[in-house]
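Residue strings, one per chain:
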Amino acid sequence: MDDAPVTLITGGSRGIGAAVARQLLALGHRVAVTGRDPDRLARFAGSLGDPPGLLTHAGDAADHEAVQAAVDGTVAAFGRLDAAVANAGYATHDGLADGDPAGWAHMVLTNVLGPALLIRTALPALKRTRGRIVLVGSVAGLINMPGNLYGVTKWAVTGLAENTRQLVTGDGVGVTLVSPGGVETNFFDPIGGPPSDRPGGYLSADDLAGAIVWALTQPPGVDVNTLTVRPVGSPR
Ligand SMILES: NC(=O)c1ccc[n+]([C@@H]2O[C@H](COP(=O)([O-])OP(=O)(O)OC[C@H]3O[C@@H](n4cnc5c(N)ncnc54)[C@H](OP(=O)(O)O)[C@@H]3O)[C@@H](O)[C@H]2O)c1
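Since the structure is predicted, the reported quantities are computational estimates derived from the model, not experimental observations.

Caption draft 1: View of the overall build of the chain. Looking only at helices and strands, the chain has 6 helices and 7 strands in total. Secondary structure of the chain in N-to-C order comes out as β-α-β-α-β-α-β-α-β-α-β-α-β. For 236 residues, the compact-globule formula gives about 18 Å, and the C-alpha radius of gyration of the chain, at 17 Å, lands near that figure. Summarising its shape, the C-alpha atoms of the chain cover approximately 50 × 40 × 35 Å along the three principal directions. Taking all contacts inside the chain whose residues are at least 6 apart in sequence as the whole, residues at least 24 apart take part in 67%. If you average the places of the 17 positive and of the 21 negative side-chain charges in the chain, the two averages end up 6 Å apart.

Take a look at the structure:
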């Protein structure tokens, strides 16, 4: 256990991040997860029996000090960091023409600044382990949809991934962009749940987590750079 790989996941109290944490713990890895709501983090840890290989850090992924504290706390507790998964993110589910701009600033900061802060703060520790960075983008960051500012934030994540890969590959650090299609999670809570008319339906959080864990567990020297994962039947 003391030399088991260590992964820090932002936004890991539920949804895709929590599924990645569960799957890594089942492999015997050690995991730290963040989230804004400390009660939700505590409920997640409790649902797994508060295992010693799981740390929780309450804090906002868009807050530099909080992200630095999560990285520092993980390295202090576990002695190393092998992977950082920039997963925290959300959509305001409104549009440029008639949406509420009051909600946009924090979405942009979470989805764009957040991954940059994780890279900035985790990189020294990842260089020491020749570790990996996973960025959770979206199919919305690969195609255009009318007036979708959330999609614009995910286009930024798409760019950040290759931009970062070129920065860190010489240090032995891998970078994977994972671009999911629809995944049935609390992501859709603001619009009353996943729309039932989506062609192809939805992946489960575990389906998506399986792809992320596969990328994280490649042999040394193998860097999976892009994964697009959609439900079969999804036309875009
Ligand atoms: N579900 C989909 O269809 C879909 C498709 C493509 C991409 N994605 C992306 O997948 C990622 C995970 O989403 P999900 O579907 O798993 O959503 P989710 O079920 O709503 O989970 C989001 C997680 O992130 C945390 N979080 C949100 N904002 C945060 C912030 N500012 N700082 C720290 N933690 C934050 C949440 O906890 P707190 O609320 O307590 O902070 C929660 O643990 C996101 O980047 C999303 O854009 C999702």
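Caption draft 2: How the structure looks around the environment of Leu118. Structurally, the position occupied by Leu118 is in helix H4 (residues 104-129). Sequence separation of Leu118 and Met145 is 27 residues, and the distance between their C-alpha atoms is 28 Å. Once residues within four sequence positions are removed from consideration, Leu118 is found in contact with Leu8, Thr10, Val67, Val71, Ala84, Val85, Ala86 and Leu123.

Caption draft 3: A look at the site of the ligand. Taken together, 32 residues are adjacent to the ligand, and Ser13, Arg36, Asn87, Tyr150 and Thr185 come closest. Note that a nitrogen atom of the ligand is positioned 3.0 Å from one of the side-chain N or O atoms of Asp60. The backbone of Ala61 places a nitrogen or oxygen atom 2.8 Å from a nitrogen atom of the ligand. Protein contact buries 96% of the 880 Å² of open area that the ligand shows by itself.

Caption draft 4: Structural detail: the sheet that holds strand E5 (residues 132-136). If you walk across this open sheet you meet the 7 strands as E3-E2-E1-E4-E5-E6-E7, and the pairing is parallel. Single-partner strands in this sheet number two, and they are strand E3 (54-58) and strand E7 (226-229). Each adjacent strand pair in this sheet contributes to an overall mean axis angle of 15 degrees, direction not counted. Two strands pair when backbone bridges link them, and E5 and strand E6 (residues 174-180) are joined in this way by 5 bridges, in the parallel orientation. Bridge assignment links Val136 to a residue of E6, and that residue is Val178. Contacts from helix H1 (residues 15-26) reach strand E1 (6-9), strand E2 (30-35) and E3 within the one sheet, and its direction differs from that of E1 by about 170 degrees.

Caption draft 5: Structural view of the packing of aromatic side chains. For the structure shown, the criterion picks out 3 aromatic pairs. Seen in terms of ring centroids, Phe187 and Phe188 are 4.9 Å apart; in terms of plane orientation they differ by 80 degrees. Their pairing is edge-to-face. A relative accessible area of 25% means that Phe187 is categorised as partly exposed. A relative accessible area of 6% means that Phe188 is categorised as buried. Through successive ring pairs, a cluster of aromatic residues spans Tyr150, Phe187, Phe188 and Tyr202.

Caption draft 6: Representation of helix H6 (residues 205-216) in the model. Compared with the 16 Å implied by 1.5 Å per residue over 12 residues, the 16 Å span of H6 between its first and last C-alpha is a close match. Where H6 is concerned, the buried positions are Ala205, Leu208, Ala209, Ala211, Ile212, Val213, Ala215 and Leu216. Contacts made by the buried residues of H6 are with E1, H1, strand E4 (83-86), E5, E6 and E7.

Caption draft 7: A look at helix H5 (residues 149-168). Helix length check: H5, at 20 residues, gives a terminal C-alpha distance of 29 Å against a target of 28 Å (1.5 Å per residue), a fit within 8%. Buried within H5 are the following residues: Leu149, Tyr150, Gly151, Thr153, Lys154, Val157, Leu160, Ala161, Thr164 and Val168. Those residues of H5 hidden inside the fold are in contact with H4, E5 and E6. Of the residues that open H5, the one with a side-chain oxygen 3.1 Å from the backbone nitrogen of Tyr150 is Asn148.

Caption draft 8: The arrangement of the pairing of E4 in detail. Burial of the side chains of E4 extends over both faces: Ala83 and Val85 are buried on one face and Ala84 and Ala86 on the other. Sheet topology note: the E1/E4 ladder contains 3 bridges and is parallel. Within E4, the position partnered with Thr7 by the bridge is Ala83. Pairing of E4 with E5, which is carried by 4 bridges, proceeds in the parallel orientation.

Caption draft 9: The side chain of Ser234, seen in detail. Looking at where Ser234 falls in the secondary structure, it is placed in the segment after E7. Setting aside residues up to four positions removed in sequence, Ser234 forms contacts with Pro199 and Gly200.

About the cut-offs
- Residues numbered from 1 in each chain as written.
- Predicted model: local features only at pLDDT ≥ 70, side-chain atom pairs only at ≥ 80, totals over all residues.
- Heavy atoms only, no water.
- Helix = DSSP H or I, 4+ residues; strand = E, 2+ residues; numbered from the N terminus.
- Rg over C-alpha atoms; globule rule 2.2 N^0.38 Å.
- Contact = heavy atoms within 4.5 Å.
- Lys, Arg positive; Asp, Glu negative; His and termini not counted.
- Charge placed at Lys NZ, Arg CZ, Asp CG, Glu CD.
- Near = heavy atom within 4 Å.
- Polar contact = N/O pair within 3.5 Å; in protein donor to acceptor, adjacent residues only side chain to side chain.
- Areas by Shrake-Rupley, 256 points an atom, 1.4 Å probe, with all protein chains shown as cover.
- Pairing = 2+ DSSP bridges.
- Axes fitted to C-alpha atoms, helices over the stretch in contact; angles between N-to-C directions.
- Phe/Tyr/Trp six-rings, centres within 6.5 Å; stacked < 30°, edge-to-face > 60°.
- Buried < 20%, exposed > 50% of the residue type's maximum accessible area, 1.4 Å probe, protein only.
- Expected span 1.5 Å × (residues − 1).

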